[in-house]
Amino acid sequence: MFIIGLILAVGGFWVSKEVKLSFLETLASQGILLDFGKTISAIGVFLILFKVIDVFYFTPLRESIQGRTTALEATFGEAESLRSEMTQMKTEFEARLAQTEAEAREKIQAQIREAQEMRTQLMAEATQKADQFLKRAQEDIARDKEQALTEIRQKVVTLSLQATEKLLQDNVDNERNRKLVDDFLAKVEVPR
Amino acid sequence: MGTTLGIGSSLWAAGGGEHHGLSWLGMMVYIALVLGIVFFALSRAKQDFGQRVFKGFWSQLLEQVYLFIENLCVGIIGAHGRKYIPFILTFWLVIFVSNVVALFFPTSPTADLSFNLGVALIAIGYVQWEGMKANGVLGHFKHFAGPKLPPALLLISFMIFIIEIISEVMKNVSLSLRLFGNIEGGHQAVVAMNNLGGSFVPVGFLLMPIKILTCIVQALIFSLLTCVYLSLVTHHEDDHHHDEAGEPAGHSEAQPAAAH
């Protein structure tokens, strides 16, 4: 194309100088100046120009613009990827947070339930122990009371025997003895 | 030298009347000037290529132009229009810079019909080449015959074919004449305005805003129409599939707007 363009560009000069067409002179006389030599040269110049400008300027410009566009698209793509990754991470984080909250709530509930069970158990044990203590105390009281009564009876008998012995040794009359025994019994009798 | 470069009918000077056009050498000098400006801008812009962010003025400007042309190609031609970006962008740059040169110099390549015809021939030739690549040589020329008609209407198909061929040839004329007419016409308007102000008052300078607008619009129109022509020949098969399925083509909305 370059060589053809060069040939046309130079050949136009020859056409302009050497080729004379009658209708061009007619056109020139009517004010329309046409020179096919210049036309051919213009075609040649353009054929060279297309190639030169395309190779030296438009191709680098296109590559530069495309490179920038590609870089921008890559940056936007990366940003979009990061955004989706962030969204996914946020979703995961929220899910994990919700799960943690649920687990914590579950643990707290379990602890509360355990504490309540323990309280109930402790209360039951305490009640049971208190009942045992009460029962034992009542038994102890009953036993002590029985023992005291037994001891009192034994003492009454002993005292009665002692009193009887004393009465017998002192030879007092019946009436006086009876009075003494009655007094004694009145003295030692313990109200139930 | 003055005759070669067309000096004597500059923006600032009073018009000399009849426009004689540039010689071959004069046009080459102006093409060299335009290409010098284009390569200067591209070389300055290239210093920032490879960096993540373009910080230089020229690189930022070129990037915006590139993105603008990319939108134009993709919007009109479709996703496969990206491969035409270098082609369209080269057109846009050369035509735009040539138009801007026409603001400050007596003439410019785009103010010359011969140069514009060359550019149009390349554009339409490339469109035909791409059409043949996309549809095959037979398929591409078959497309010129219009819709498939019964054998009794073969004559109509033949007439459509002839009209389409003439239409394709006339695209070269319309593209080149439109550009030439706008740039050279603007120049002649400035010269005429300068004549009103005499030799010392550049009244034509008041037309600068509208001429700047013309520079941008004409470069855009040439690029846009080339895109439309490329779209028509490379989307042909898709359009037929869409029509058969009763679906609108993806680019069909863009084309009428672009054609206007």
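Residues numbered from 1 in each chain as written. Chains lettered and ligands numbered in written order. Predicted model: local features only at pLDDT ≥ 70, side-chain atom pairs only at ≥ 80, totals over all residues. Heavy atoms only, no water.

Chemist: Tell me what's going on with the overall build of chain B, and back it up with residues and numbers.
Modeler: Broken down by element type, chain B carries ten helices and zero strands. The linear arrangement of helices and strands in chain B, starting from the amino end, is α-α-α-α-α-α-α-α-α-α. When burial is assessed residue by residue, chain B has 46% of its 260 residues classed as buried. Considering only contacts in chain B between residues 6 or more positions apart, those separated by 24 or more positions represent 68%. Put simply, chain B shows about 12,700 Å² of open surface, and 70% of that area lies on carbon and sulfur atoms. (Helix = DSSP H or I, 4+ residues; strand = E, 2+ residues; numbered from the N terminus. Buried < 20%, exposed > 50% of the residue type's maximum accessible area, 1.4 Å probe, protein only. Contact = heavy atoms within 4.5 Å. Areas by Shrake-Rupley, 256 points an atom, 1.4 Å probe, with all protein chains shown as cover.)

Chemist: Describe the overall build of chain A, listing the residues and the values that go with them.
Modeler: Counting its secondary structure elements, chain A contains four helices and zero strands. From first element to last, N terminus to C terminus, chain A shows the α and β order α-α-α-α. Within chain A, the proportion of its 192 residues that are buried is 18%. Split by element, the accessible area of chain A, about 15,100 Å² in all, is 60% carbon and sulfur.

Chemist: Now, about the environment of Trp129(B): what can you tell me, with residues and values included?
Modeler: Residue and element names in this part refer to chain B. Along the chain, Trp129 turns up in helix α5 (residues 113–135). When its relative accessible area of 52% is taken as the criterion, Trp129 is described as exposed. Sequence spacing of Trp129 and His140 is eleven residues, and the spatial spacing of their C-alpha atoms is 9.4 Å.

Chemist: Tell me what's going on with the packing of aromatic side chains, and back it up with residues and numbers.
Modeler: Under the criterion given, the structure shown has 19 aromatic pairs over all chains. Arranged with centres 6.4 Å apart and planes meeting at 85°, the rings of Tyr30(B) and Phe105(B) form a pair that is edge-to-face. Taken as a pair, Tyr30(B) in helix α2 (residues 24–46) and Phe105(B) in the loop between α4 (85–104) and α5 lie far apart in primary sequence, 75 residues in all. Note on Tyr30(B): relative accessible area 4%, which makes it buried. Ring pairing ties together the aromatic residues Phe46(A), Phe50(A), Tyr84(B), Phe87(B), Phe91(B), Phe115(B), Tyr126(B) and Phe222(B), which thus form one cluster. One Lys or Arg, Arg68(A), reaches over the ring of Phe54(B) and ends 4.9 Å from the middle of that ring. (Phe/Tyr/Trp six-rings, centres within 6.5 Å; stacked < 30°, edge-to-face > 60°. Lys NZ or Arg CZ within 6 Å of the ring centre and 35° of its normal.)

Chemist: Break down the interface of chain A and chain B for me, citing the residues and quoting the values.
Modeler: On the chain B side, the residues contacting the 34 residues of chain A number 40 residues. Counting the surface chain A buries against chain B, the share from its top three residues, Lys38(A), Phe46(A) and Tyr57(A), is 21%. At the junction of chain A and chain B, the tally comes to two salt bridges. Note that Arg68(A) and Glu63(B) form a salt bridge whose closest N and O atoms lie 2.0 Å from each other. Across the contact surface, chain A and chain B share six residue pairs in polar contact (both at pLDDT 80 or more). (Buried area = accessible area lost by both parts, 1.4 Å probe. Salt bridge = Lys/Arg side-chain N within 4 Å of Asp/Glu carboxyl O. Polar contact = N/O pair within 3.5 Å; in protein donor to acceptor, adjacent residues only side chain to side chain.)

Chemist: Give a description of the side chain of Asn135(B) that names residues and reports values.
Modeler: All names here are of chain B. Along the chain, Asn135 turns up in helix α5. Residue Asn135 is classed as buried on the basis of its relative accessible area, which comes to 17%. At 3.0 Å, the side chain of Asn135 forms a polar contact with the backbone oxygen of Val233.

Chemist: Go over the nonpolar core with me, naming the residues and quoting the values.
Modeler: Counting residues in hydrophobic clusters, the biggest one holds 67 residues, and the most contacted among them are Phe46(A), Leu42(B), Ile69(B), Ile88(B), Phe91(B), Phe115(B) and Phe222(B). Of all the elements in the fold, those that place two or more residues in this core are α3 (36–170) of chain A together with α2, α3 (57–76), α4, α5, α7 (154–196) and α8 (208–234) of chain B. If we ignore the near neighbours within four places in the chain, the residues touching Phe91(B) are Phe46(A), Phe50(A), Val119(B), Ile122(B), Ala123(B), Phe222(B) and Thr226(B). (Core = buried A, V, L, I, M, F, W, Y, C linked by side-chain atoms within 4.5 Å.)

Take it as geometry only, folks, not as evidence of what the structure does.
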